[in-house]
Amino acid sequence: MFVGNYSEGSDQEIQVVDGQQRLTTITILFSAISDRFIGINEQTLSEQIFQYIMTKDDNGEDVRILQSKTHYPFFSYFIQQRKKQYVEEPDTEEEILIAEAYKYLFERLDEQNIRAVLRKTHGSNLVKDLAYVDILKAIRDQVLLCTFVSISTTDKEQANRIFEILNAKGKKLSYVDLIKNKIFELLDEIEPADFAEEKWKNIKAIISKTDENVGLVEFYRVFWIAFYKKSSKNKMYDDFLSVIPKNNKDAYKTFLLEMEKAAKIYVKIVNPKREDYDNRKEYYWLVQSLNVMNNYFNITQVRIALLALFLAKEKEIINLRIMKDTILWLENFHFAYNAISSLRSNKFEGIYSKFALKLNKCDEKEDAKKIIDENLLQPLKNIFPKFSEFKEKFVLLEYSKKDNPSNLKTKYAINKLNCLYDGTELFDDYGSIEHISSEMEGKETISIGNLILLELDLNKEADQLEYEQKKKVYRKSRYEWVSVFLQKNESWNIEMCSERAIQMAEEYYTKILKMPI
């Protein structure tokens, strides 16, 4: 089930409404088959099957056929590259499952394993005459020759309605469906209007309006954990029955009203826009910070804490300054902990749930500030990465004009350092990553120690010039960081990158993260 018109041409981007898991699994399978082809020196066959994973645009640039923000960059570089580039261990539950799925399929495609399966179904005599490469090709062809039903529309709301109809029969109900049925069972009045149905319909409409792929199940879990109780997915329905007073219509109505209110805030968190705040400049930092945590760091657990902070601000028990300080601290924490140090995220949900539950029950300003300090900031400070582990990973950051798993993180770090020197908090829309020594000079040049921010037009002017000529271009820059760099570096060569990367790590840790070494 797609949103978009793929009949217009292969360069059209379409959104997958239903079928994402199947497409992802096929991509993983083809990646494993490609690697098995490589293992038997069938390079051409490996390249051919990879055309279903990675293609090229009209400019000859690589384009991934299946794109997803939720598991970028792990899926892109662990699955969608013929030469595996991703060296970090899987961190999130989704990344771990992707790695396990690949490992399972790759092992099942081992020649001995697959011949053992075929002997059971086709007999030894037939199997012994089959070449391993032909077996792999047959598996590939079975997928490529399968029959499938495809439905597409350009209307997202229509796509969601069709999806609901297609999945209405024979599908095991999710905990959200069970909770919905329970609410509808009790709130059965239809005069003057069906309150439950109208509210549920409105909540779904609010969630579906976001540009991101945000589902009702995902929103509900964040809402429940933030408002009521930390529950596992398997316990959601049982905990709803035990926590919300049974046969109490007013309690059920209040529950729906709380859901509706939270949904309006949630879409602002996952799909931040300046228009949400009437384009008021005092909120520009918020849109940038939320965008970073969603799209640069891919952190979802923090939404529990963010939902509580937004509601506290709405209740006026915290002011904008406290909200800002807290959210920016969370942004810095997740950059250090997740984006750089790649530490495990399984501790967050408990911390965020405990904090959100306390803050949502609070009605006093003094208590709210204390809850933020004691139940959010301090527990996270206790697990904040030490400088040694931060530095070890920070100096490995890279940025290349070609696709690189580190690009987003490095671009973010460079922008933050530039903001530090300029005394601003917003990234410059016209800033561009500049390689001081040309990227053409070798792999060392893509290291963060060889990078600085430069205005886009000046970056184009500097291009492949030698450093002596680049200095003349750099002097035109209005960025304070560039001016300081010129003062410190009369000359420049690749060998200086490592030392500068360490200095940048120290500066970032002490002046941006504001943590002691």
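Scroll up to find the structure this text is about.
Cut-off values and rules
Residues numbered from 1 in each chain as written. Predicted model: local features only at pLDDT ≥ 70, side-chain atom pairs only at ≥ 80, totals over all residues. Heavy atoms only, no water. Pairing = 2+ DSSP bridges. Helix = DSSP H or I, 4+ residues; strand = E, 2+ residues; numbered from the N terminus. Axes fitted to C-alpha atoms, helices over the stretch in contact; angles between N-to-C directions. Parallel < 35°, antiparallel > 145°, perpendicular 65-115°, else oblique. Contact = heavy atoms within 4.5 Å. Nonpolar A, V, L, I, M, F, W, Y, C, P; charged D, E, K, R; others polar. Buried < 20%, exposed > 50% of the residue type's maximum accessible area, 1.4 Å probe, protein only. Patch = residues over 30% accessible without salt bridge, like charges linked within 9 Å, V, L, I, M, F, W, Y side chains within 5 Å. Areas by Shrake-Rupley, 256 points an atom, 1.4 Å probe, with all protein chains shown as cover. Salt bridge = Lys/Arg side-chain N within 4 Å of Asp/Glu carboxyl O. Core = buried A, V, L, I, M, F, W, Y, C linked by side-chain atoms within 4.5 Å. Phe/Tyr/Trp six-rings, centres within 6.5 Å; stacked < 30°, edge-to-face > 60°. Lys NZ or Arg CZ within 6 Å of the ring centre and 35° of its normal. 1 Å grid on protein atoms, 1.4 Å probe; cavity = no way out; pocket = protein on both sides within 12 Å on 5 of 7 lines; lining within 4 Å. Points joined across faces, edges and corners; volume = space filled by probe spheres on them.

Engineer: Honestly, the sheet that holds strand E2 (residues 15–16) in this entry has me stumped. Any pointers?
Structural biologist: Each strand in a sheet pairs with another by means of backbone hydrogen bonds, the pair being arranged parallel or else antiparallel. The three strands are arranged E2-E1-E5 in an open sheet whose pairing can be described as mixed. Every interior strand has two partners, whereas the edge strands, E2 and strand E5 (152–153), have only one. The sheet contact formed by strand E1 (residues 2–3) and E5 spans two bridges and is parallel. Bridge pairing links Phe2 to Ser152 in E5.

Engineer: How should the packing of helix H15 (residues 302–314) against helix H16 (residues 320–340) be read in this particular structure?
Structural biologist: Relative orientation and spacing of two packed helices are given, respectively, by the angle between their axes and the distance between those axes. H16 packs onto H15 with a crossing angle of 170 degrees between their chain directions and a minimal axis gap of 10 Å. What the angle tells us is that H15 and H16 run roughly antiparallel. On H16, the residues touching Val302, Leu306, Leu309, Phe310 and Lys313 of H15 are Leu320, Met323, Thr326, Ile327, Leu330 and His334. Residues that form the contact of H15 with H16 fall into these classes: eight nonpolar, two polar and one charged.

Engineer: Could you clarify how one ought to interpret helix H23 (residues 480–488) in this entry?
Structural biologist: Because the α-helix completes a turn every 3.6 residues, residues three or four places apart line up on one side. Within the sequence span of H23, burial applies to Trp481, Val482, Val484, Phe485 and Leu486. Contacts made by the buried residues of H23 are with helix H20 (407–422), strand E7 (451–455), helix H22 (467–474) and helix H24 (497–512).

Engineer: Just to check I follow, could you spell out a nonpolar patch on the surface for this structure?
Structural biologist: Residues Tyr52, Leu144 and Leu145 make up a contiguous nonpolar surface patch of about 320 Å² in total accessible area. Its location among the elements puts Leu145 in the loop between helix H7 (132–144) and E5. Taking relative accessible area as the criterion, Leu145 reaches 69% and is therefore assigned exposed.

Engineer: What's the story with the pattern of salt bridges in this structure? I'm lost.
Structural biologist: If charged atoms from side chains of opposite charge come close, those side chains can pair. Taken as a whole and judged by the stated rule, the model has 28 salt bridges. One salt bridge in this structure joins Arg115 and Glu111, with 3.0 Å as the shortest N-O distance. Of the two residues, Arg115 and Glu111 are both situated in helix H5 (residues 111–122); the distance of four residues between them amounts to about one turn of the helix. Here Arg115 falls in the buried class, since its relative accessible area comes to 14%. Between Lys476 and Glu461 there is a salt bridge; the shortest N-O distance is 2.6 Å. Here Glu461 lies in helix H21 (residues 456–462) and Lys476 lies in the loop between H22 and H23, a separation of 15 residues in the sequence.

Engineer: Looking at this structure, I do not really get the nonpolar core. What am I missing?
Structural biologist: As a rule of thumb, soluble globular proteins bury nonpolar side chains together. Ile183, Phe219, Tyr220, Phe335, Leu380, Phe394 and Tyr508 are the most contacted members of the largest nonpolar core, which totals 122 residues. In terms of residues, this core owes the most to one element, helix H13 (residues 249–270), which gives 12 residues. Each residue touching Tyr508, except ones within four places of it in the same chain, is listed here: Phe335, Phe390, Phe394, Tyr412, Ala413, Lys416, Leu417 and Leu513. Judged by nonpolar contacts, the second largest core, of 28 residues, contains Leu66, Tyr102, Leu105 and Leu136.

Engineer: Help me understand the packing of aromatic side chains, please; the structure alone is not making it clear to me.
Structural biologist: Here the distance between the centres and the angle between the planes together describe a pair of aromatic rings. On inspection of all chains with the given rule, the structure shows 46 aromatic pairs. Between Phe240 and Phe255, the ring centres sit 5.2 Å apart and the planes meet at 65 degrees, which makes this aromatic pair edge-to-face. Of the two residues, Phe240 sits in helix H12 (residues 236–243) while Phe255 sits in helix H13, which places them 15 residues apart along the sequence. Side by side, Phe240 and Phe255 carry an identical accessibility label, which is buried. For the pair Phe384 and Tyr509, a centre-to-centre distance of 6.2 Å together with 75 degrees between the ring planes defines the contact as edge-to-face. Here Phe384, found in the loop between helix H18 (365–381) and helix H19 (387–394), pairs with Tyr509, found in helix H24; they are 125 residues apart in sequence, far enough to count as distant. The cationic tip of Lys253 hangs over the ring face of Phe195; the distance from NZ or CZ to the ring centre is 5.6 Å.

Engineer: So what exactly am I meant to see when it comes to empty space enclosed by the protein here?
Structural biologist: By rolling a water-sized probe across the atoms, one finds the places where empty space is left. For the structure on display, the rule yields two cavities of 30 Å³ or more. The volume enclosed by the second largest cavity comes to roughly 90 Å³. As for the second largest cavity, its lining consists of Lys401, Ile433, Glu434, His435, Ser438, Glu439, Asn459, Asp463, Gln464 and Lys470. The element best represented in the lining of the second largest cavity is strand E6 (residues 431–435), accounting for three residues. Split into classes, the residues belonging to the lining of the second largest cavity amount to one nonpolar, four polar and five charged.

Engineer: Can you walk me through the pairing of E6 in this structure?
Structural biologist: For a regular strand, the rule is simple: side chains alternate between the two faces of the sheet. Judged by how many residues are buried, E6 sits mostly within the fold: four of five residues are covered. Inspection of the sheet shows E6 paired to E7 by five bridges, in the antiparallel sense. What sits directly across from His435, in E7, is Leu451.

Engineer: How do you make sense of unusual backbone geometry when you look at a structure like this?
Structural biologist: Comment: phi is negative for the bulk of residues other than glycine, and the bulk of peptide bonds are trans. One non-glycine residue, Asn247, lies in the positive phi region at around 55 degrees. In this structure, Asn247 sits in the loop between H12 and H13. For Asn298, which is not glycine, the phi dihedral falls at a positive 55 degrees. Within the element layout of this structure, Asn298 appears in the loop between helix H14 (284–296) and H15.

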